[in-house]
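So you can see what is in the structure, the chains are spelled out below.
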Amino acid sequence: MATTEFIAAIELGSSKISAIAGKKNSDGSIEVLAHARVEAPSFMHKGVVFNIDKAAAALTSVIGKLEEQLRTSVAQVYVGIGGQSLHSLKSTVSRSVGEEESTVSQSLVDALYDENRETPLADFVILDVVPQEFKVDHTLHADPVGVTGHHVTGQYLNLVARTSLKKNVEMAFAQAHIQIADDLLVTAVAEAKAILSQTEIRQGCTLVDFGSDTTTVSIYKNNLLRHLCVLPIGSNNITRDL
């Protein structure tokens, strides 16, 4: 099987590392070709890698299991992460459209996004950005391109986590010689795209991912993610209480 015939992904959880490979059929359905998992309690704590060597060894093992089923090598993988420090943070960025009333351009909207993405955060890093609304002068717009005004403000929901969360994951994959495809994905966002319907996202709903050491809560309304937080409790807490 050629490596271009499938997509592989890995999720780093508090209790296990899960890997899956699949392909999209012509009718839009997803076919799972292989899946594997390894236990992770010895090097993960509340979704965070704290032992690089053990994490790298586990990644090598789970990729080996995946390749054994696929009977071919895995060139790169998409990686989903969460963790105790992950949360949403609101941000606004403003720009003047011009001295005289002018039309908001796509390049200006892109510049607002880039400026927000480059916002310095002490000991934290932005993993993903969800644009919310844009205010042109005193009116809110979902898409401001083409709207005339003097001043535009972009409102954003940044998904941030401690720098060490991202750094440790990247170090573990580098040590395991596994290439990460694109940027690290926020698992909760990927789950919502797969689980929630457009009606649920539009009307408003809460998605709860109940894990072993953490619980991730994502709130959607009016087609957008509005809030995300990770609670440092999970099923292990219930098991210990029982």
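Residues numbered from 1 in each chain as written. Predicted model: local features only at pLDDT ≥ 70, side-chain atom pairs only at ≥ 80, totals over all residues. Heavy atoms only, no water.

> Honestly, the nonpolar core in this entry has me stumped. Any pointers?
A general tendency of soluble globular proteins is for nonpolar side chains to be buried together. Grouped together as the largest cluster of nonpolar side chains are 53 residues, with contacts concentrated most on Ile10, Leu12, Ile17, Leu59, Leu66, Val77 and Phe173. The element that contributes the greatest number of residues to this core is helix 1 (residues 52–70), accounting for nine residues. With sequence-adjacent residues up to four places away left out, Ile17 is seen in contact with Ile10, Glu11, Leu12, Ala36, Arg37, Val38, Ala40, Phe43, Ala58, Leu59 and Val62. Among the nonpolar cores identified, the runner-up in size contains 13 residues, and Val93, Leu112, Val136 and Val160 belong to it. (Core = buried A, V, L, I, M, F, W, Y, C linked by side-chain atoms within 4.5 Å. Buried < 20%, exposed > 50% of the residue type's maximum accessible area, 1.4 Å probe, protein only. Helix = DSSP H or I, 4+ residues; strand = E, 2+ residues; numbered from the N terminus. Contact = heavy atoms within 4.5 Å.)

> Is there a simple way to explain helix 1 in this structure?
Since the α-helix advances by 3.6 residues per turn, residues separated by three or four positions end up pointing in the same direction. Compared with the 27 Å implied by 1.5 Å per residue over 19 residues, the 27 Å span of helix 1 between its first and last C-alpha is a close match. What helix 1 keeps buried is the set Ile52, Ala55, Ala56, Ala58, Leu59, Val62, Ile63, Leu66 and Leu70. Projected down its long axis, helix 1 shows its buried positions confined to an angular sector of 165 degrees, all on one face. Facing away from the buried side of helix 1 by more than 90 degrees, the exposed set consists of Asp53 and Glu68. Among the structural elements, strand 1 (7–12), strand 2 (16–24), strand 3 (30–39), strand 5 (48–49), strand 6 (76–81) and helix 3 (163–175) are those in contact with the buried residues of helix 1. Taking the backbone nitrogen of Asp53 as reference, a side-chain oxygen 3.2 Å away marks Asn51 as the first, capping residue of helix 1. Just downstream of helix 1 lies Arg71, where phi reads positive at about 60 degrees. (Expected span 1.5 Å × (residues − 1). Arc of directions from axis to C-beta. Polar contact = N/O pair within 3.5 Å; in protein donor to acceptor, adjacent residues only side chain to side chain.)

> Mind showing me how you'd approach the state of the cysteines here?
As used here, a disulfide is simply a covalent bond connecting the sulfur atoms of two cysteines. In this structure the tally under the stated criterion is zero disulfides. Here Cys205 stays free of any disulfide, with the sulfur of Cys229 as its closest cysteine sulfur at 14 Å. The buried category is assigned to Cys205, whose relative accessible area is 19%. (Disulfide = S-S within 2.5 Å.)

> What is the right way to look at the packing of helix 1 against helix 3 in this model?
Two numbers describe a pair of packed helices, the interaxial angle and the distance between the axes. In contact at an axis separation of 8 Å, helix 1 and helix 3 are set at 55 degrees when each is read in the N-to-C sense. The angle between helix 1 and helix 3 falls in the class oblique. Regarding helix 1 and helix 3, the two cross each other, and that crossing is right-handed. Across the interface between the two elements, Ile52, Asp53, Ala55, Ala56 and Leu59 of helix 1 pack against Asn168, Met171, Ala172, Phe173 and Gln175 of helix 3. For the contact of helix 1 with helix 3, a count of residues per class yields seven nonpolar, two polar and one charged. (Axes fitted to C-alpha atoms, helices over the stretch in contact; angles between N-to-C directions. Parallel < 35°, antiparallel > 145°, perpendicular 65-115°, else oblique. Left-handed = near helix turned anticlockwise from the far one by under 90°. Nonpolar A, V, L, I, M, F, W, Y, C, P; charged D, E, K, R; others polar.)

> Help me out: how do you make sense of the pattern of salt bridges in this one?
Any two side chains of opposite charge can pair, given that their charged atoms come close. Applying the stated criterion across every chain yields a total of five salt bridges. Here Asp123 and Arg162 are joined by a salt bridge, their closest N and O atoms 2.7 Å apart. Remark: Arg162 occurs in strand 12 (residues 151–162) and Asp123 occurs in the loop between helix 2 (106–117) and strand 9 (124–136); sequence separation between them is 39 residues. The shortest N-O distance in the salt bridge between Lys166 and Glu170 comes to 4.0 Å. Linking Lys166 with Glu170, this pair stays in helix 3, spanning four residues, or about one helical turn. (Salt bridge = Lys/Arg side-chain N within 4 Å of Asp/Glu carboxyl O.)

> Could you clarify how one ought to interpret unusual backbone geometry in this entry?
With the exception of glycine, the majority of residues adopt a negative phi angle, and the majority of peptide bonds are in the trans configuration. Its identity as a non-glycine residue notwithstanding, Asp137 has a phi of 60 degrees, on the positive side. What makes Asp137 partly exposed here is its relative accessible area of 28%.

> What should I look at first to understand the side chain of Thr215 in this one?
Relative to the helices and strands, Thr215 resides in strand 16 (residues 215–221). Reaching out from Thr215, the side chain makes a polar contact with the backbone oxygen of Ile233 at a distance of 2.8 Å. When residues no more than four places from it in sequence are discounted, the contact partners of Thr215 are Val208, Asp209, Phe210, Cys229, Val230, Leu231, Ile233 and Gly234.

> Explain the packing of aromatic side chains to me, please; I cannot follow it from the model alone.
Two descriptors summarise a pair of aromatic rings, namely the distance from one centre to the other and the angle between the planes of the rings. Taken as a whole, this structure holds two aromatic pairs when the rule is applied. For the ring pair Tyr113 and Tyr156, a centre distance of 6.3 Å and an interplane angle of 75 degrees mean the geometry is edge-to-face. Remark: Tyr156 occurs in strand 12 and Tyr113 occurs in helix 2; sequence separation between them is 43 residues. A relative accessible area of 1% means that Tyr156 is categorised as buried. Ring plane angle 90 degrees and centroid distance 6.1 Å describe the contact between Phe134 and Tyr156, whose orientation is recorded as edge-to-face. Of the two residues, Phe134 sits in strand 9 while Tyr156 sits in strand 12, which places them 22 residues apart along the sequence. (Phe/Tyr/Trp six-rings, centres within 6.5 Å; stacked < 30°, edge-to-face > 60°.)

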